[in-house]
Amino acid sequence: MVFVTNLDAGELALAAVAAAGAFHAANVFYAGSQWFIHADRRIADPGAVALTFDDGPHPSFTPAVAQTLAAFNVPAAFFLIGRYVSEQPALTRDLAAAGHVLANHTWDHHRWGVFGSSRYWHEQLARTNDAIAAAAGSPATFFRPPMGFKTWRQAKALKAMNLRVVAWRLRAFDTLPISSTAIARRIGEQARGGDIITLHDGLEPARRSLSQQQTCRALPDIIRRLRDRGLRFVSLAHGLSVPAVPPASTPPGAKA
Ligand SMILES: [Zn+2]
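Overview of the overall build of the protein
Next, step 1: The helix and strand inventory of the protein stands at ten helices and nine strands.
Next, step 2: Of all 256 residues assigned to the protein, the portion counted as buried reaches 46%.
Next, step 3: Within the protein, contacts between residues at least 6 apart in sequence are counted, and of these 78% link residues at least 24 apart.

Okay, here's the thing in structure tokens:
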């Protein structure tokens with residue numbers, strides 16, 4: 001099945017538990033599913049790609065990623081875990097000041113959150129947007145559910161907060177035990193113009209003691225490989241023609 005090949009071991013276990021309704025499960029666990037909620041997987045520009053980083057901000061890996069992006073003058077979007085934002089407000093502010101898009105990746109990235117109620121999702125999204133707004137001045141306009149799992153219970157909160165869901169066309173599997181060389185080769189060879197690409201600069205709470213060093217090491221090579229192939233890097237907001245932050249007239253969390 002197509003969606004199974006996109007999952008790591010933990011995600012697979014979760015998918016197996018919920019596989020009772022195959023059609024329902026396929027639409028929840030396949031990040032590319034458009035059944036419940038529309039999710040962008042590509043940008044309109046066929047000569048460019050948009051880099052996205054999930055599960056930060058992390059006090060070690062996020063600055064390393066940001067330093068490489070600055071050195072190569074590459075914009076990116078960071079899908080942030082709200083509780084990490086509240087722990088690292090200065091780091092969050094630095095990402096915004098560097099011109100990167102700050103996006104919502106739930107408050108605590110709970111793996112069983114996919115079974116949460118509408119109220120659960122509202123709290124996850126609102127709390128995270130409030131933390132991002134408190135740190136960087138504006139709430140997020142983009143949301144990516146943990147592991148890309150979408151449910152109809154997210155829909156009401158997404159609409160209330162005017163959040164647009166972004167998935168990916170290509171990901172590196174860089175949360176698995178994989179070398180920086182393998183990450184760079186996979187993205188370097190498989191990326192196509194228009195792709196939204198997902199990497200990780202942080203660690204979800206369930207694997208917080210691990211490392212994302214391999215992604216930091218792979219990033220310069222990824223950028224060089226894609227530029228050598230004639231691809232440009234654009235911001236997710238530019239690529240989707242969406243403002244990176246809501247209009248100034250909307251106070252942070254006003255619609256929450
Ligand atoms: Zn994540």
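After presenting the structure, the write-up continues.
Observations regarding the environment of Ser118
Next, step 1: Note that Ser118 resides in helix α6 (residues 118-136).
Next, step 2: With 15 C-beta atoms counted inside 10 Å, the residue Ser118 sits in the partly exposed group.
Next, step 3: Taking the C-alpha atoms as reference points, Ser118 and Thr151, separated by 33 residues in sequence, lie 9.6 Å from one another.
Next, step 4: When neighbours within four sequence positions are excluded, Ser118 is seen to be in contact with Arg153, Lys156 and Ala157.

Some words on α6
Next, step 1: Here α6 is 19 residues long and its end C-alpha atoms lie 27 Å apart, about the 27 Å a rise of 1.5 Å per residue gives.
Next, step 2: Of all the positions in α6, only Trp121, Gln124, Leu125, Ala126, Arg127, Thr128, Asn129, Ala131, Ile132, Ala133, Ala135 and Ala136 are classed as buried.
Next, step 3: Against the buried residues of α6 lie β3 (76-80), α4 (82-87), α5 (89-97), β4 (101-104), β5 (142-143) and α7 (152-160).
Next, step 4: Downstream of α6 by a residue or two, Gly137 has a phi angle that is positive, lying close to 100°.

As for the pairing of β3
Next, step 1: Along β3, five of the five residues are buried, which leaves the element largely enclosed by surrounding structure.
Next, step 2: Side-chain alternation along β3 places Ala76, Phe78 and Leu80 on one buried face and Ala77 and Phe79 on a second face that is also buried.
Next, step 3: Looking at chain direction, strand β2 (residues 48-56) and β3 are connected through five bridges and run parallel. Its bridge partner being in β3, Leu51 is matched across the sheet by Ala76.
Next, step 4: Remark: the β2/helix α3 (residues 61-72)/β3 crossover connection has right-handed handedness.
Next, step 5: Pairing geometry for β3 and β4, over four bridges, is parallel. From the neighbouring strand, Phe79 faces β4, where its bridge partner is Ala103.

About the criteria used
Residues numbered from 1 in each chain as written. Predicted model: local features only at pLDDT ≥ 70, side-chain atom pairs only at ≥ 80, totals over all residues. Helix = DSSP H or I, 4+ residues; strand = E, 2+ residues; numbered from the N terminus. Buried ≥ 20, exposed ≤ 12 C-beta atoms within 10 Å, placed from the backbone. Contact = placed C-beta atoms within 7 Å. Expected span 1.5 Å × (residues − 1). Pairing = 2+ DSSP bridges. Right-handed = clockwise from strand over helix to strand, strands pointing away.

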